[in-house]
Amino acid sequence: MSGDHIEHHCEVAIVGAGPVGSLLAVLLQDFGVSTVLVERDLRPYQLPRAIVMDEEIQRVFHQHGMGAWIESSTTPLKGADFVSSTGDRILGIDIPAVGLLGLAPVVCHYQPELDAFVQAEAQRRGSTILRGRTAATLDDSGDDHVLLTLDNGDTVSSRWLVGCDGASSWTRKQLGLALEDLRFDQQWLVVDLELHDVAKPPLPEVLQQVCDPLRPVTYVPGHARYRRWEFQMQPDDVLDVVTTESGIWSLLEAWVTPADARLVRSAVYRFHAVVAPSMQRGNVFLAGDSAHQMPPFLGQGLNSGTRDAVNLAWKLALVHRGRAAERLLDTYTVERVPHVRST
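Predicted model, so just to flag it, every value in this text is computed and none were measured.

1. Regarding the sheet that holds strand E3 (residues 35-39)
Taken in spatial order, the 6 strands line up as E9-E3-E2-E13-E22-E21 in an open sheet, and their pairing is mixed. Strand pairing shows two members of the sheet lacking a second neighbour, strand E9 (128-131) and strand E21 (280-281), which therefore form its edges. Note: strand E13 (residues 160-163) against strand E22 (residues 284-286), 3 bridges, orientation parallel. Paired with leucine 161 across the strands is valine 284, a residue of E22.

Put into structure tokens, the structure is as follows:
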């Protein structure tokens, strides 16, 4: 402690305690690498965003003692179809109950529950979480020392720092790393509902891409009673009208009515496809949305971010233990960027 300011010390400082940052902390703590998480919010984010989890990501949870949560808090996805505007199947896939890794190939989750669980697991395993704090300055001395100063004057001194601080990443801007635009920009209205009764009305049990030329729609049968619709905005839409509660229910009327469900969230997003050609500068790394953003049609945003965390965690651990040279960390960008770009 220096004066009234607190000095925190760790091997890896993580800016952002969302699911990617918190999972990275869980993995590193399990590998014997100390972490401090800096999180601007006082509690986990309360609205749903990501909604599906791949089999290989579930396996990571099982490997690190979190499989019971997957079993109790997710719902397997049964299939994915392209359908006509009248609901007729054009083509699609039926998803088996068990995949090659012995788990459901894809499961749906409710992200506020996922965020709270993983953040609590990081803390339980020894990570320090500084809630209600934001980063103010970042100094990478280049000699295995990164100094992060927070908005209240406290500092976090670490060997490495990872920015998991989302699409508008403060860390990325401090590093001067640019995002390459892959030229996909569309406005979509995303609506999440919680059904009062999962059987009423009888909604599809599979994900559907509704190929309506007048307004493409994505429908996702989420975990438990949660359901999601994504509506492509059209040039003649008046957003101030479409995004009102009555406008939203008007779009939903072919599926569900206000008597059937509670409106959890609605928001207009501009779907992007961007990637940082480099996810590292010196001792500082990017992971998750800070390094790449993609349209949600394959459900790969959070899955890609968790792959970042897995790829980086074991490499940092080996270098920390002296089992690998520092240059191993140079493979992080080399391995992750092509995968994200192709997705």
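That was the structure; now back to the text.
2. Regarding the sheet that holds strand E8 (residues 106-108)
Strand order in the open sheet made by the 3 strands is E4-E8-E5, with antiparallel pairing throughout. If you trace the sheet from one side to the other, it starts and ends with strand E4 (52-54) and strand E5 (75-76), each paired once. Direction of pairing for E5 relative to E8: antiparallel, over a ladder of 2 bridges. From the neighbouring strand, threonine 75 faces E8, where its bridge partner is cysteine 108. Sheet contacts for helix H2 (residues 55-63): E4 and E8; angle to E4, the most-contacted strand, approximately 80 degrees.

3. Here's the deal with the packing of helix H1 (residues 19-30) against helix H4 (residues 111-124)
Relative to each other, H1 and H4 sit at 30 degrees, their axes nearing to 8 Å. Put simply, H1 runs roughly parallel to H4. When the axes of H1 and H4 are compared, the crossing they make is left-handed. Between H1 and H4, the residues in contact are Pro19, Ser22, Leu23, Ala25 and Val26 and Gln111, Leu114, Asp115, Val118, Gln119, Glu121 and Ala122, respectively.

4. Overview of the packing of aromatic side chains
With the rule as written, the count across this model stands at 10 aromatic pairs. Between phenylalanine 184 and phenylalanine 297 the ring centres are 6.2 Å apart and the planes differ by 75 degrees, which places this aromatic pair in the edge-to-face class. With phenylalanine 184 in the loop between strand E14 (180-181) and strand E15 (186-195) and phenylalanine 297 in the loop between strand E23 (292-293) and helix H8 (301-321), this pair connects stretches of sequence that are 113 residues apart. The exposure class of phenylalanine 184 is partly exposed, given its relative accessible area of 24%. The partly exposed category is assigned to phenylalanine 297, whose relative accessible area is 29%. For the pair phenylalanine 285 and tyrosine 332, a centre-to-centre distance of 5.9 Å together with 75 degrees between the ring planes defines the contact as edge-to-face. One end of the pair, phenylalanine 285, is in strand E22; the other, tyrosine 332, is in helix H9 (residues 331-342), with 47 residues separating them in the sequence. Phenylalanine 285 gets classed as buried once you look at its relative accessible area, which sits at 0%. An aromatic cluster of at least three residues, connected via ring pairs, comprises Phe184, Trp188, Phe271 and Phe297.

5. As for the pairing of strand E12 (residues 155-158)
Taking every second residue as pointing to the same face, both faces of E12 are buried, with Thr155 and Ser157 on one and Val156 and Ser158 on the other. In terms of strand pairing, strand E1 (residues 7-9) meets E12 through 3 bridges, oriented parallel. Looking at the pairing, histidine 8 lines up with valine 156 of E12. Of the pairings in the sheet, the one linking strand E11 (residues 146-150) to E12 comprises 4 bridges and is antiparallel in character.

6. Brief notes about unusual backbone geometry
In this structure, the amide linkage connecting lysine 200 to the following residue, proline 201, adopts the cis form with an omega of -10 degrees. Within the element layout of this structure, proline 201 appears in the loop between E15 and strand E16 (207-211). Its identity as a non-glycine residue notwithstanding, aspartate 144 has a phi of 65 degrees, on the positive side. Take aspartate 144: it is sitting in the loop between strand E10 (135-140) and E11.

7. Comments concerning the nonpolar core
Buried together is how nonpolar side chains tend to be arranged in soluble globular proteins. In this structure, Phe61, Leu148 and Val156 are the most contacted members of the largest nonpolar core, which totals 65 residues. The contacts of leucine 148, once residues within four sequence positions are left out, are Val15, Val38, Ala135, Thr137, Leu138, Asp154, Thr155, Val156, Leu161 and Trp170. Counting 19 residues, the second largest nonpolar core, distinct from the first, contains Val83, Leu195, Leu203 and Ile248.

8. Structural notes on helix H7 (residues 245-252)
Regarding H7, the residues found buried are Gly247, Ile248, Trp249, Leu251 and Leu252. As for H7, its buried residues are in contact with E15, strand E18 (226-232), helix H6 (239-242) and strand E19 (261-271).

9. Points about the pattern of salt bridges
Enumeration over the complete set of coordinates arrives at 19 salt bridges. For the salt bridge of arginine 125 with aspartate 30, the shortest nitrogen-to-oxygen distance reads 2.7 Å. You can see arginine 125 sitting in the loop between H4 and E9 and its partner aspartate 30 sitting in helix H1, a full 95 residues away along the chain. Owing to a relative accessible area of 17%, arginine 125 belongs among the buried residues under this scheme. In this structure, arginine 49 engages aspartate 115 in a salt bridge whose closest nitrogen and oxygen atoms are separated by 3.0 Å. You can see arginine 49 sitting in the loop between E3 and E4 and its partner aspartate 115 sitting in helix H4, a full 66 residues away along the chain. With a relative accessible area of 34%, arginine 49 lands in the partly exposed category. Counted as one network, the salt bridges with shared partners bring together Asp30, Glu121, Arg124 and Arg125.

Rules used throughout
Residues numbered from 1 in each chain as written. Predicted model: local features only at pLDDT ≥ 70, side-chain atom pairs only at ≥ 80, totals over all residues. Heavy atoms only, no water. Pairing = 2+ DSSP bridges. Helix = DSSP H or I, 4+ residues; strand = E, 2+ residues; numbered from the N terminus. Contact = heavy atoms within 4.5 Å. Axes fitted to C-alpha atoms, helices over the stretch in contact; angles between N-to-C directions. Parallel < 35°, antiparallel > 145°, perpendicular 65-115°, else oblique. Left-handed = near helix turned anticlockwise from the far one by under 90°. Phe/Tyr/Trp six-rings, centres within 6.5 Å; stacked < 30°, edge-to-face > 60°. Buried < 20%, exposed > 50% of the residue type's maximum accessible area, 1.4 Å probe, protein only. Core = buried A, V, L, I, M, F, W, Y, C linked by side-chain atoms within 4.5 Å. Salt bridge = Lys/Arg side-chain N within 4 Å of Asp/Glu carboxyl O.

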